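Each chain, written out:
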Amino acid sequence: SEGARSVERSAIWAFVPVVAMAPFSLLALSLLWWPVNVAFGVSFRWTVIAFVSTGLLLFVRPFQAAVLTPILGARPARPEEAALIAPAWAEIAQANHLPPNRYVLRVLPSDELNAFACGGHLVVVTSFAAHELTAAQMRGVLAHELSHHLGLHTVAITIVHWLSGPVVFLARIGFFFENVSQAAVQSFGQRSPVIEVAGQFAATFFKAVSWVFTAALRAGDALGNFVGHGLEFEADKRAVAMGFGPELA
């Protein structure tokens, strides 16, 4: 029925990047947990539980409105933006027998024409889209983004983004310490062969760590892009079934 969420086949395939990213996320968490455990004696099990529990908040509507929105750099629509977005969204909600406040609409300040759905209830359009699209075009865009939520496409996408957090952090730490090691070799290596050897070893080690996590991120992005085509087609099909095909086109 209209407005009902259903698990589409493409939404299941979207969990392939989740499965691929999970081992690297656990590895990154274990490396981040080790110094915390040494200092405070926190068990790895509770670290994983805290990480997973915090990730689940990404699907809670009040958390999305209060926390996820500013993290994304988005904001509530300004009056001139709401004048286009709100009526278009009201039509989409009515067509799907949904209350208009079921989902959280936000605007991302950007000069790009874009929109996306994330978490469990968040729909974001860029400020450029809010100012430049016609009312019909906005209906087509919003119908497409709502379709991502109704098809449960955003579940896997949100999870893989959360799993990528520790991986990104470890990759950045690795690059930082690689640069520090290289700088130490250049500054003090000529004075001491021991420092030069140790610095080169450290730089190589941190470069390898960064490469592993960077490769995991790139592989996850590639898998996400591959399965993402199916998600977009499914969202288009659902938007057409809503009756917004001409606007979407």
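Here, every reference points to the structure presented above.
Summary of the structure given here. (Residues numbered from 1 in each chain as written. Predicted model: local features only at pLDDT ≥ 70, side-chain atom pairs only at ≥ 80, totals over all residues. Heavy atoms only, no water.)

**A short note on helix H8 (residues 153–188)**
Residues separated by three or four positions in an α-helix point in the same direction, a consequence of the helix having 3.6 residues per turn. Compared with the 52 Å implied by 1.5 Å per residue over 36 residues, the 53 Å span of H8 between its first and last C-alpha is a close match. Along H8, the helix axis deviates most sharply at Gly165, where the bend reaches about 30 degrees; the proline Pro166 sits within four residues downstream. (Helix = DSSP H or I, 4+ residues; strand = E, 2+ residues; numbered from the N terminus. Expected span 1.5 Å × (residues − 1). Bend = angle between axes of the 7 residues up to and from the residue.)

**Points about the pairing of strand E1 (residues 104–108)**
Most of E1 is tucked away: 5 of the 5 residues are buried. Burial along E1 is two-sided: the face carrying Val104, Arg106 and Leu108 and the face carrying Leu105 and Val107 are both buried. Bridge count for E1 against strand E3 (residues 122–126) is 5 bridges, and the pairing is parallel. For Leu108, the partnering residue across the bridge sits in E3 and is Thr126. (Buried < 20%, exposed > 50% of the residue type's maximum accessible area, 1.4 Å probe, protein only. Pairing = 2+ DSSP bridges.)

**Details of the side chain of Thr69**
Secondary-structure assignment places Thr69 in helix H4 (residues 61–72). Judged by its relative accessible area of 3%, Thr69 is buried. Setting aside anything within four residues of it in sequence, one finds Thr69 in contact with Gln64, Ala74, Arg75, Arg106 and Leu122. (Contact = heavy atoms within 4.5 Å.)

Keep in mind these values describe shape, not function.
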